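Here are the chains, one letter per residue:
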Amino acid sequence: MTPPFLPFAQPEIGEEEIAEVVDTLRSGWVTTGPKVRRFEQDFAAFLGDPGLHCVAVNSATAGLHLALEALGVGPGDEVITTTHTFTATAEVVRYLGADVKLVDIAPATLNIDPAAVAAAITPRTKAIMPVHYAGLAADMPALLDIARRHGLKVVEDAAHALPTTCGGALVGTLGSDATVFSFYANKTITTGEGGMLVTRDAALAQRARTMRLHGMNRDAFDRFTAKVPSWYYEVVAPGFKYNLTDIAAALGIHQLKKAQAFQQRRAAIAAQYDAALAGLPLILPPRPALGDQHAWHLYVLRLADDAGVARDHFIERLFDAGIGCSVHYIPLHLHPYWRDRYALQPAMFPHSQHAYERMLSLPIYTRMSDADVQRVAAAVRTALP
Ligand SMILES: *Cc1c(COP(=O)(O)O)cnc(C)c1O
């Protein structure tokens, strides 16, 4: 008898989330309102830094777009990011008419290589967008130092990085211009769809709040009178429709309370994989620096050069054994849009390309049992020649 298919990812939604959503539905207020405000306040408290502003949005993509827009990124500018990411990181740069400068990763961490960033800077460079790939912090001290020396903005794509620490401090508090988290269905906490823009910059937060809802602003009125009529607003820019709903925030409020417990379960699964897969012709995922926390959004294995099986065939064997797995990501330089627009070739990104050809992501999520983890590890062993 074959055991049931083990999906690659599944959210963990508890009765608390369900009750909060029902409460929202019964309240008569379903779009942006009191629950979004509470989720933003809870998120700031979670990060534990009173200087932070949290702006809830309906996706991380929206948050990244708003952050770059507020920083004034536009035509003629270049933004440097990693090729080893999801297209959302880079596409928002193109929304604004700026250009993307893709760079390679450091092979040891699979994170953006600060030396490659430094080498890619031109007079047009406006910002750097690091991605905390798989939930492991990018080398933020080096990247922030490069940004400081060249007068560049830094927007962190933290879609994988809740909760991740870097030098003992949570991602979101590291001193970049903005950090954006994702609450997509397969991320470490979920609101179905959703995201959070976090910044220390009050003006950036204010611009993002205005632009997430059609460029509507009520503050302009406040300057002239203490009392703004409830119907009054001014449109100050052609904004977007990026607001989070209270229904989604209802999920987020309770998911956030579980974020540390979820991380501990994911870290325990990663440790079980590490132990069960040691000594095989595999490169196990990079570990965080001593004392730092990895969010373990992804568990990315690489087949060693002497593994004796091609990655695509290896994944087929795992699927045949009833194990869902995936590849994160097909590097941007291989996608037709990015490849053709910037005349990119694999040889320009040797480390990302090398990793891509050998890597796969194993299931790692809180609803997996220890038996599920051992089943995956056994299937990996069996799939090796
Ligand atoms: C998921 C993801 C995003 C986009 O998040 P959404 O909330 O779906 O918009 C951006 N960057 C990376 C690296 C991601 O994994």
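Residues numbered from 1 in each chain as written. Predicted model: local features only at pLDDT ≥ 70, side-chain atom pairs only at ≥ 80, totals over all residues. Heavy atoms only, no water.

1. Regarding the side chain of T179
With respect to the element layout, T179 can be found in strand β8 (residues 178-182). On the basis of relative accessibility, which here comes to 1%, the residue T179 falls in the buried class. One polar contact links T179 to E156, side chain to side chain, over a distance of 3.0 Å. If we ignore the near neighbours within four places in the chain, the residues touching T179 are E156, A158, V171, G172, M196, L197 and V198. (Helix = DSSP H or I, 4+ residues; strand = E, 2+ residues; numbered from the N terminus. Buried < 20%, exposed > 50% of the residue type's maximum accessible area, 1.4 Å probe, protein only. Polar contact = N/O pair within 3.5 Å; in protein donor to acceptor, adjacent residues only side chain to side chain. Contact = heavy atoms within 4.5 Å.)

2. Some points on helix α6 (residues 140-150)
Those residues of α6 that fall on the buried side of the exposure criterion are M140, L143, L144, I146 and A147. Down the axis, α6 shows its buried residues gathered within 155° of arc, on one side only. Of the exposed residues in α6, those oriented more than 90 degrees away from the buried face are P141, R148 and R149. Looking at the packing, one finds that the buried side of α6 touches α5 (114-120), β4 (125-129), β5 (153-157) and β6 (165-166). One side-chain oxygen at the N-terminal end of α6 lies 3.3 Å from the backbone nitrogen of A142; it belongs to D139. G151, located one to two residues past α6, shows a positive phi value of around 65°. (Arc of directions from axis to C-beta.)

3. Let's talk about the layout of surface pockets
It is the rolling of a water-molecule-sized probe over the atoms that shows where space remains empty. Empty space within the largest pocket amounts to approximately 580 Å³. Lining the largest pocket are 20 residues; nearest its centre among them are T32, R209, R212, L213 and R218. At the level of elements, α2 (34-47), α7 (202-211) and β10 (216-217) are the ones that each hand at least two residues to the lining of the largest pocket. Here the element with the most residues in the lining of the largest pocket is α2; it accounts for four residues. Along the lines of polarity and charge, the residues of the lining of the largest pocket split into seven nonpolar, seven polar and six charged. If you add up the space inside the second largest pocket, you get close to 350 Å³. Elements with a minimum of two residues in the lining of the second largest pocket: α3 (60-70) and α4 (87-95). Ranked by residue count, the leading element in the lining of the second largest pocket is α3, at three residues. Grouping the constituent residues of the lining of the second largest pocket by class yields eight nonpolar, 10 polar and three charged. (1 Å grid on protein atoms, 1.4 Å probe; cavity = no way out; pocket = protein on both sides within 12 Å on 5 of 7 lines; lining within 4 Å. Points joined across faces, edges and corners; volume = space filled by probe spheres on them. Nonpolar A, V, L, I, M, F, W, Y, C, P; charged D, E, K, R; others polar.)

4. Focus: the site of the ligand
Surrounding the ligand, one finds 16 residues, the nearest of these being T61, D157, H160, S182 and K187. Here an oxygen atom of the ligand and a backbone polar atom of A60 are 2.8 Å apart. Contact distances for the ligand include 2.7 Å between a nitrogen atom and a side-chain N or O atom of D157. With respect to the detected pockets, the ligand is housed in the second largest pocket. Secondary structure elements with two or more residues in the shell around the ligand: α3 and α4. (Near = heavy atom within 4 Å. Sits in = over half its atoms within 2 Å of the grid points.)

5. Let's talk about the pattern of salt bridges
Taken as a whole and assessed by the stated rule, the structure comprises 21 salt bridges. With a shortest N-O distance of 3.5 Å, E20 and R38 are connected by a salt bridge. Here E20 is found in helix α1 (residues 15-27), whereas its partner R38 is found in helix α2, with 18 residues between them in sequence. We classify R38 as partly exposed; its relative accessible area is 31%. (Salt bridge = Lys/Arg side-chain N within 4 Å of Asp/Glu carboxyl O.)

6. Regarding unusual backbone geometry
Looking along the chain, the bond that leaves L162 and enters P163 is cis, with omega of -5°. Within the secondary structure, P163 sits in the loop between β5 and β6. A cis amide bond links H328 with the next residue in sequence, Y329, at an omega value of 0°. Positive phi values are uncommon outside glycine, yet A134 reaches one of about 70°. Tracing the backbone shows A134 in the loop between β4 and α6. Exposure remark for A134: the relative accessible area of 6% places this residue in the buried category.

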